[in-house]
Amino acid sequence: MFVGKMTLSQSGLFGQIDDLQDLTFIERPIRRSLKTAEEIDKLTVDEDLNDIERAVYLLSSGQDVQRASVIVNLPNLVRQNPAETFRRVVPKVREVLHVAGADMQLAAAGSFLTILQDDIVLIQTHTHSILQIVLLNLDHRDTVVGSAWLETLLSAIDALPKETIRQEILSPLVSKAQLSQSVPARLASCRILGKVAAKFESSVVKKDLLPLVRSLCQDVEYEVRSCMCRQLENIARGIGLEHTKAVVLPELVELARDEGSTVRLAAFDTIINLLEMFDSDDRTRVIFPLVKTFCEKCFKADEAVLASLSFQYGKLCHGLSASFTDEQHLWFLEFYKKLCCLGLQHENGHCESQPYPLELENKYALVRRNCAYNFPAMVLFADPNHFLSELYRTFSSLCHDPEISVRRTAAEGFHEVVKLLGPNVHYVHKELITLLQDDSLEVGPVCVCVSQVNVPDLVPALVAAEQKAASSLRWRVHEKLLQRYSCLPRVISGDQIYFRFLQRMFGIITTNNVLPVQREAARTLCVFLRYNRKQEQRQEIISKIMQELAQGRSYWNRLRFLDLCEIAIDLFSKSYFCKHFLIQALELVNDPVANVRYKLCHMLPRLRSTIRLPADKHLLQQLEFCVRKLLCREKDKDVVATVRKVREHFSLLQYHKRHERDLLDQKKEKEETLLLEMVRDQPCRTM
């Protein structure tokens, strides 16, 4: 057995030696990759050359990395010597870009954009030189590079004067928009037209741009028609209300009936964005029938477009609602209800997904999620007074949806529904409890801060939600839930918080293993303390803080007490903090654990900021005594270094914005006094 062990050890040792030998082979290619003398000579540049000469030399004879460096530095060269840069360097850059790779092209696009947008005074010939390079590279064979140059041009248009745009951009645009040009060229023309429309008067847009717009709206390629359609919003705002009705609306109507779904979707989105530019007659006579047909067609045979339709639905209904008849209003409401149940079947009061292919099922789930997002808007559309009869079943369906994302979105908008329902908020109590008790941790915590009154079973649901988060391995969810618990004083009574939640906060602070969760529990505990209106309960909470944290057996608990003190400084007035927390914090100067003393030293400036002179002169003396004690007796080098820095900080304390801080402190103190004067709680809110 002993020999066997030796053999195993030896084999392991030989294996390690083999590994070390392998490392020697790894080094060889690294040595070969070092630059040779010849390569170094090629990269060497004469130091006597000035910046312009060096740039010209590197662009002509340098390596790619050197050329790229010159191009990246081009804006600096223009600032230092614009005339020579444009006379000698920019022509060389243009030559290099003919054969440059994608990385160099992208760098050049960024540099020229910086030059055009910078506060550099460029004469017309300089701008012409840059724009010629930009326009030349719009048709680059690499679509990524071409897109980068297009973005450069679009961004530069904002900084260019009208006359430059007219001469340098609009003139070549006419030829690039022709059917004989490539599809990328025509797509670029669409976006340029949309951008320049905002730069000119309506008469110029109508005369010079609209013919090109019409041509591109009727292009043979659906991508071009769709792209131009999405620019019609900018065109419409450029030509004004009268011409929009006469020119843009007919184009939109035709595009909304296009055979391509992406074109129809572009038309639909553009119509929604321009609703305020159409009068009531246009909305009733043209827009409503068009949108109704679009919705029906999408619902029957165009699932891809349904996602965008459902996302825009709330905006659509509110944009048209003023022009709706009762019948039209009802139609849009019923269609929304259909979208909310798309892909579901209801049996025995439960929602279940129908068996669809996975891709189609995901599309339907996205539609329902968008409907949940729009639900508050639809409550307003239907009238909150009709919620129970018109939308309650739909809302219940969304809250019970089999997809987590749908339920989470419904939970995120719950507070908006509550505001809209006002005195009828009891309609949705059942749904609130359902979401709080949801199996998914992504759903329940979202609803915690919904301000409710007299909700049956709310407290047990809140407790269960926290226990579920605590038992999971997802500490960030637990942290976020505790953060939301800080709003509970607005939701439930002080007694319920005291008896059902306070002990749990202490338990988390003292036993949880995740520091952010412990700190969030400490913050929530401080909030509970601040808004508790009963003096005896407040005193018991403070006593418990001192016993379990400040005087806790574990140094970890004492560190958490200092965390809690930092939070208390922000939440409470200076007088309250000094009365209940300061002395106990300073006593930790005698703590046997260096980490506790080290953290206390870091906190000393903040503790000093709570002392008000001359009233708290005795507290200042105690704090200074702590500092002297640490300087004289402390043996830990980190603590000593920290306390020395803190002492220097005390001598350099600047009281800037002191007046604002004093006003804030006075406000806190007044609130604390008012809370204590309210001997009785508000009428008990039983859960």
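Residues numbered from 1 in each chain as written. Predicted model: local features only at pLDDT ≥ 70, side-chain atom pairs only at ≥ 80, totals over all residues. Heavy atoms only, no water.

(A) Inspection of the packing of aromatic side chains at higher detail. Taken as a whole and assessed by the stated rule, the structure comprises 25 aromatic pairs. Look at Phe395 and Phe414: their rings are 5.5 Å apart centre to centre, the planes differ by 55 degrees, and that puts the pair in the tilted class. With Phe395 in helix α21 (residues 392-399) and Phe414 in helix α23 (residues 414-421), this residue pair connects regions lying 19 residues apart in the sequence. Grouping residues by exposure puts Phe395 and Phe414 together as buried. Through a chain of ring-to-ring contacts, three or more aromatic side chains come together here, namely Phe288, Phe299, Tyr313, Phe324, Trp331, Phe332, Phe335, Tyr336 and Phe381. (Phe/Tyr/Trp six-rings, centres within 6.5 Å; stacked < 30°, edge-to-face > 60°. Helix = DSSP H or I, 4+ residues; strand = E, 2+ residues; numbered from the N terminus. Buried < 20%, exposed > 50% of the residue type's maximum accessible area, 1.4 Å probe, protein only.)

(B) Expanded view of the environment of Val639. With respect to the helices, strands and loops of the structure, Val639 is situated in helix α35 (residues 637-651). Classification of Val639 as buried rests on a relative accessible area of 0%. Counting along the chain gives 39 residues from Val639 to Leu600, while the straight-line C-alpha distance between them is 9.2 Å. Dropping the residues within four chain positions of it, Val639 is found in contact with Ala594, Arg597, Tyr598, Cys601, Leu630 and Glu634. (Contact = heavy atoms within 4.5 Å.)

(C) Spatial organisation of the state of the cysteines. Inspection of the entire model under this criterion finds zero disulfides. Cysteine Cys227 remains unbridged, with the sulfur of Cys190 as its closest cysteine sulfur at 4.4 Å. The class of Cys227 is buried, set by a relative accessible area of 17%. (Disulfide = S-S within 2.5 Å.)

(D) Fine view of the pattern of salt bridges. Scanning the model with the defined rule gives 35 salt bridges in all. With its nearest N and O atoms 2.7 Å apart, the salt bridge here joins Glu634 to Arg597. Placement of the pair is Glu634 in the loop between α34 (617-633) and α35 and Arg597 in helix α33 (residues 594-609), with a sequence separation of 37 residues. Judged by its relative accessible area of 13%, Glu634 is buried. Given the relative accessible area of 11%, Arg597 is considered buried. (Salt bridge = Lys/Arg side-chain N within 4 Å of Asp/Glu carboxyl O.)

(E) Region of the structure containing the environment of Leu74. By the element assignment, Leu74 lies in helix α5 (residues 74-80). What makes Leu74 buried here is its relative accessible area of 0%. Between the C-alpha atoms of Leu74 and Val93, which are 19 residues apart in sequence, the distance is 9.5 Å. Not counting the four nearest positions on each side in its chain, Leu74 is found in contact with Thr85, Val89, Val93, Ser111, Phe112 and Ile115.

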